[in-house]
Every structure is written in structure tokens, then in C-alpha cells.
Amino acid sequence: MSAWNGLGIPDLILRALAEQGFKEPTVIQIRTLPPAVMGRRDILGAAETGSGKTLAFGIPILHHILEDKEWDKKNEEIIQCDKIQEENSDTENNDDVDDSNYVNGNDDGSSDDDDDDVDSNTDDIENSDDDDDNDEEKEEEELVEILEIMWVAFKL
Ligand SMILES: Nc1ncnc2c1ncn2[C@@H]1O[C@H](COP(=O)(O)OP(=O)(O)OP(=O)(O)O)[C@@H](O)[C@H]1O
């Protein structure tokens, strides 16, 4: 278990720290990270030069950026769910109209739309694999972003 565990640091930042080769937090980081990250408190710290103060406040900043992004992502998902529900209710309404096909008699007793539903269900299954790949890709992109912030903003 990494010495960074238990300080409330998100996985993505833990991975970035591991990539940087930072095996354990410094004293100022151990003291500031739990209240700043888990306790969401403002922190004031003093320690000698070269003791790791930059990440002592940099990690909480990154944590908050990630939380904001997570919030944006959830909102996006909710909006997409709403759109899908709207589309479904539109489709159901259309189905009501198309049921008249059945009454009027398709040869096999099905409406043409039923076949479409099967196709679209298969599409959904294929799309869920794509979604997993996209999630992984997005996580990798975020990791690269975090590392860039660490290098550029925090000059690590
Ligand atoms: N947990 C850690 N493990 C190993 N190296 C670290 C760790 N945290 C920071 N460092 C490295 O230690 C060096 C000094 O860190 P940093 O610049 O944050 O110190 P500081 O306390 O802010 O110094 P100053 O007061 O001079 O600004 C940097 O090269 C940084 O990459």
C-alpha cells in the first residue's frame, strides 16, 4: 500500500504522483492534505524551503478541479438521459400510430418498427463497449492533463 493512501487523494492524482516517482508525502503534505482534501478546509502552512509546500496546496487544487469536472460530467449524463427519455417518449407516441399497421395487417403480424427495435438494441450493446473504451481514453487524457499541470503550473 502506498504511503499516499489514506490522505483522500483521488486515484488519478495518485497515479500521477507515482508517475512522478514521488513515493511518499513530505511532512507538510501529510499535515495539510487530509484537512484540505477530505475536510475541504482552507489551509495555512509554513515549512522550510524545498519541503514540498507546492504540492501541499497543489494537490487540493487539482482535487477540486477534478471534482468540478466530475460534476460537469454528471450534469452532461443527466442531460443525455433526459434527451434519450424524450426521444423514447416520441418513439412510443409514434408506435401508437404505427400499431395501426398491425391492425391493418402486416403479413407476419409484426410492424416494421419491431425489426428496427431489435437492430437498435444490438446497437446499444455494441455502444456500451465503445463507452467503456471512451471512458478509459478520457481517464488517460485527464491523467496527461494533471501531469501537465504538475509540470507547468507547479514546475515539478
Ligand atoms: N512527496 C514528495 N516526494 C518527493 N519529492 C517531492 C515531494 N513533494 C515535492 N517534491 C519535490 O521536492 C522539491 C521541492 O518541492 P517544493 O518546490 O514544493 O518545495 P517548497 O516547500 O514549495 O519550496 P519553496 O519554499 O522554496 O518554494 C521539488 O523538486 C518537488 O518536485
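Here the structure is a predicted model, which means the values were calculated and not measured.

About the cut-offs
- The written sequence of each chain sets the order in which its residues are numbered from 1.
- Reporting in this predicted model follows two pLDDT cut-offs: at least 70 for local features of residues, and 80 or more for side-chain atom pairs to be given and counted; totals over whole chains, interfaces and linings ignore these cut-offs and use all residues.
- As a rule here, side-chain values come from all non-hydrogen atoms in the structure, and water together with hydrogens is ignored.
- UniProt positions are given in the numbering used here, feature names are shortened, and annotations may be inferred rather than shown by experiment.
- Helix and strand labels come from DSSP, where a helix needs a run of H or I of at least four residues and a strand needs a run of E of at least two; each type is numbered from the N terminus.
- Near, as used in this document, describes a residue that has one of its heavy atoms within 4 Å of the molecule or strand being considered.
- Any N or O atom pair separated by 3.5 Å or less is treated as a polar contact, with the protein-specific requirement of one donor-capable and one acceptor-capable atom, and with residues adjacent in sequence counted only for side-chain atom pairs.
- Accessible areas in this description were obtained via Shrake-Rupley with a 1.4 Å probe; residue shielding takes into account the shown protein chains only.
- Three classes are used, and their members are as follows: Ala, Val, Leu, Ile, Met, Phe, Trp, Tyr, Cys and Pro are nonpolar, Asp, Glu, Lys and Arg are charged, and the others, Gly among them, are polar.

Chemist: Could you give an account of the UniProt feature "short sequence motif: Q motif" (unreviewed entry) in the protein, with specific residues and numbers?
Modeler: Mapped onto this numbering, the UniProt entry gives "short sequence motif: Q motif" (unreviewed entry) at residues 2–30. Regarding residues 2–30, the helix share stands at 48% and the strand share at 0%, and the terminal C-alpha atoms are separated by 13 Å.

Chemist: Mind laying out the site of the ligand, listing which residues take part and the relevant values?
Modeler: Inspection of the region around the ligand gives 14 residues, with Glu24, Thr49, Gly50, Lys53 and Thr54 positioned closest. The separation between an oxygen atom of the ligand and a polar side-chain atom of Thr49 is 2.3 Å. Gly50 places a polar main-chain atom, nitrogen or oxygen, 2.8 Å from an oxygen atom of the ligand. Relative to its unbound accessible area of 630 Å², the ligand is 64% covered by the protein chains. Class assignment for the residues of the shell around the ligand results in 4 nonpolar, 7 polar and 3 charged.

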